[in-house]
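Coordinates in review
For reference, the chains in residue letters:
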Amino acid sequence: MHNNPVRVIAVTSGKGGVGKTNVSVNLSVGLALRGSRVLLMDADLGLGNVDVLLGLRSHMNLSHVLAGEASLDDILLEGPEGIGILPAASGIKHMAELSSAENTGLIHAFAALKRPVDIMVVDTAAGIADSVVRFSQAASDVIVVVCDEPASITDAYAMIKVLSRDHGVQRFQVVANMVRDTGEGRRLFEKLNAAAGRFLDVTLIHLGSVPFDDYLRRSIQRQKTVIQAFSGSRSSRAFLEIADQVSRWPAPKGVAGHLQFFIERLVQSEPDLEVL
Ligand SMILES: Nc1ncnc2c1ncn2[C@@H]1O[C@H](COP(=O)(O)OP(=O)(O)O)[C@@H](O)[C@H]1O
Ligand SMILES: [Mg+2]
């Protein structure tokens, strides 16, 4: 059992297709390059799954762990720069309906994880599904990815509203993605921050902006992260800056920093979802 403090970062957005998975993957690689031991949990059932994005093939996922057929270490995939990939997807779908025996099994599975972890990044699903809310409220930090489209801003706001009003999450790190320039990133953040400041009791932090970058698309075609494929590109540099910021965050305090407590919070929380 590991007792080292682990930072768990949930990456959310509300709307799909705004860059959650790319932020998750590149942040993970950037943090690994800065010396952290990173676990990336793929909790997104969307099309651009982490394994597809990285050209990995997974045969087992969290559902096999829940069924007692595999350990977490068994299902981990080796990603770039030594990051471990935890294919959770189809196991997560049933998270809301886990029996108490399965909940206990999950806690034990994480407690038994042999691989040392400093930071776990969770790429969550689109929408305000039960699993997304659970991951976000159990995490030490929540990153909200937003781009300059009305639907993205509305959905990011809705996500922040539900998490703050019903689930005690008060601090959000905002990444503006696909921006034309840093000015646009800042304006996008200010727009979201103004709306949140008016109606919600939250603190929004502008973690960074990632430019719209054709090199990112080309790296996706090559099934590599843009940091590996085009390290000098604008999006790569932006992701590395964000990883630098995250590396400088103070360590999470107390029980929040232990992976098994994260999992306990995850399975024991009861998000009674209100439809927006
Ligand atoms: N910074 C960016 N520059 C250019 N295209 C981007 C950028 N970020 C995301 N994309 C495009 O958006 C698509 C969706 O990104 P993805 O990370 O899969 O979103 P999500 O996980 O939120 O659904 C990518 O396949 C890519 O084509
Ligand atoms: Mg995704």
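Described in the following lines is the structure provided in the data block. (Residues numbered from 1 in each chain as written. Chains lettered and ligands numbered in written order. Predicted model: local features only at pLDDT ≥ 70, side-chain atom pairs only at ≥ 80, totals over all residues. Heavy atoms only, no water.)

In this section: the coordination of the magnesium ion (ligand 2). Coordination angles at a metal have ideal targets, namely 109.5 degrees for four tetrahedral donors and 90 or 180 degrees for six octahedral donors. For the magnesium ion (ligand 2), the full set of protein donor atoms is Thr 21 (OG1) and Asp 44 (OD), and the range of their distances to it is 2.0 to 2.2 Å. One end of the pair, Thr 21, is in helix α1 (residues 20-33); the other, Asp 44, is in the loop between β2 (38-42) and α2 (50-53), with 23 residues separating them in the sequence. Exposure remark for Asp 44: the relative accessible area of 9% places this residue in the buried category. (Donors = N, O, S within 2.8 Å, 3.2 Å for Na, K, Ca; no water. Helix = DSSP H or I, 4+ residues; strand = E, 2+ residues; numbered from the N terminus. Buried < 20%, exposed > 50% of the residue type's maximum accessible area, 1.4 Å probe, protein only.)

Attention now goes to the pattern of salt bridges. A full pass over the atoms with the stated rule returns 10 salt bridges. Linking Lys 15 and Glu 149 is a salt bridge whose minimum nitrogen-to-oxygen distance equals 3.8 Å. One end of the pair, Lys 15, is in the loop between β1 (7-12) and α1; the other, Glu 149, is in the loop between β6 (141-147) and α8 (150-167), and 134 residues separate them in sequence. Two residues, Lys 191 and Asp 148, come together in a salt bridge whose shortest N-O distance is 3.5 Å. Of this pair, Lys 191 sits in helix α9 (residues 182-199) while Asp 148 is found in the loop between β6 and α8, placing the two residues 43 residues apart along the sequence. You can call Lys 191 partly exposed: its relative accessible area is 46%. Residue class for Asp 148 comes out partly exposed when judged on its relative accessible area of 38%. (Salt bridge = Lys/Arg side-chain N within 4 Å of Asp/Glu carboxyl O.)

Positive phi, normally seen in glycine, also occurs at Met 178, with a value near 60 degrees. With respect to the helices and strands, Met 178 occurs in strand β7 (residues 171-179). Residue Met 178 is classed as partly exposed on the basis of its relative accessible area, which comes to 28%.

We now examine the nonpolar core. Among the nonpolar cores identified, the biggest contains 36 residues, and Leu 27, Leu 31, Val 121, Ile 143 and Val 246 are the most heavily contacted of them. Apart from residues lying up to four places away in sequence, Val 246 is in contact with Ile 9, Leu 27, Leu 31 and Leu 207. With 32 residues, the next largest nonpolar core counts Val 8, Ala 43, Leu 66 and Ile 107 among its residues. (Core = buried A, V, L, I, M, F, W, Y, C linked by side-chain atoms within 4.5 Å. Contact = heavy atoms within 4.5 Å.)

What follows is about the packing of aromatic side chains. Applying the stated rule across the entire model yields two aromatic pairs. Relative to Phe 262, the ring of Phe 135 has its centre 6.3 Å away and its plane inclined at 25 degrees; by these criteria the two rings are stacked. With Phe 135 in helix α7 (residues 130-138) and Phe 262 in helix α13 (residues 259-268), this residue pair connects regions lying 127 residues apart in the sequence. Ring plane angle 50 degrees and centroid distance 4.8 Å describe the contact between Tyr 215 and Phe 230, whose orientation is recorded as tilted. Taken together, the positions of Tyr 215 in helix α10 (residues 214-221) and Phe 230 in the loop between α11 (226-229) and α12 (234-248) put the pair 15 residues apart, joining distant regions of the chain. Look at Phe 230 and you get buried, because its relative accessible area is 14%. (Phe/Tyr/Trp six-rings, centres within 6.5 Å; stacked < 30°, edge-to-face > 60°.)

What follows deals with the environment of Ser 233. In this fold, Ser 233 is placed in the loop between α11 and α12. Taking the C-alpha atoms as reference, Ser 233 lies 8.3 Å from Leu 216; in sequence the two are 17 residues apart. With sequence-adjacent residues up to four places away left out, Ser 233 is seen in contact with Asp 213, Tyr 215 and Val 226.

This next bit is on the site of ligand 1. Contacts to ligand 1 come from 17 residues, most closely from Gly 17, Lys 20, Thr 21, Asn 22 and Asp 213. The backbone of Val 18 places a nitrogen or oxygen atom 3.2 Å from an oxygen atom of ligand 1. Within the contact set of ligand 1, a nitrogen atom lies 2.9 Å away from a side-chain nitrogen or oxygen of Asn 177. Elements represented by at least two residues in the shell around ligand 1 include exactly α1, β7, β8 (203-211) and α10. (Near = heavy atom within 4 Å. Polar contact = N/O pair within 3.5 Å; in protein donor to acceptor, adjacent residues only side chain to side chain.)

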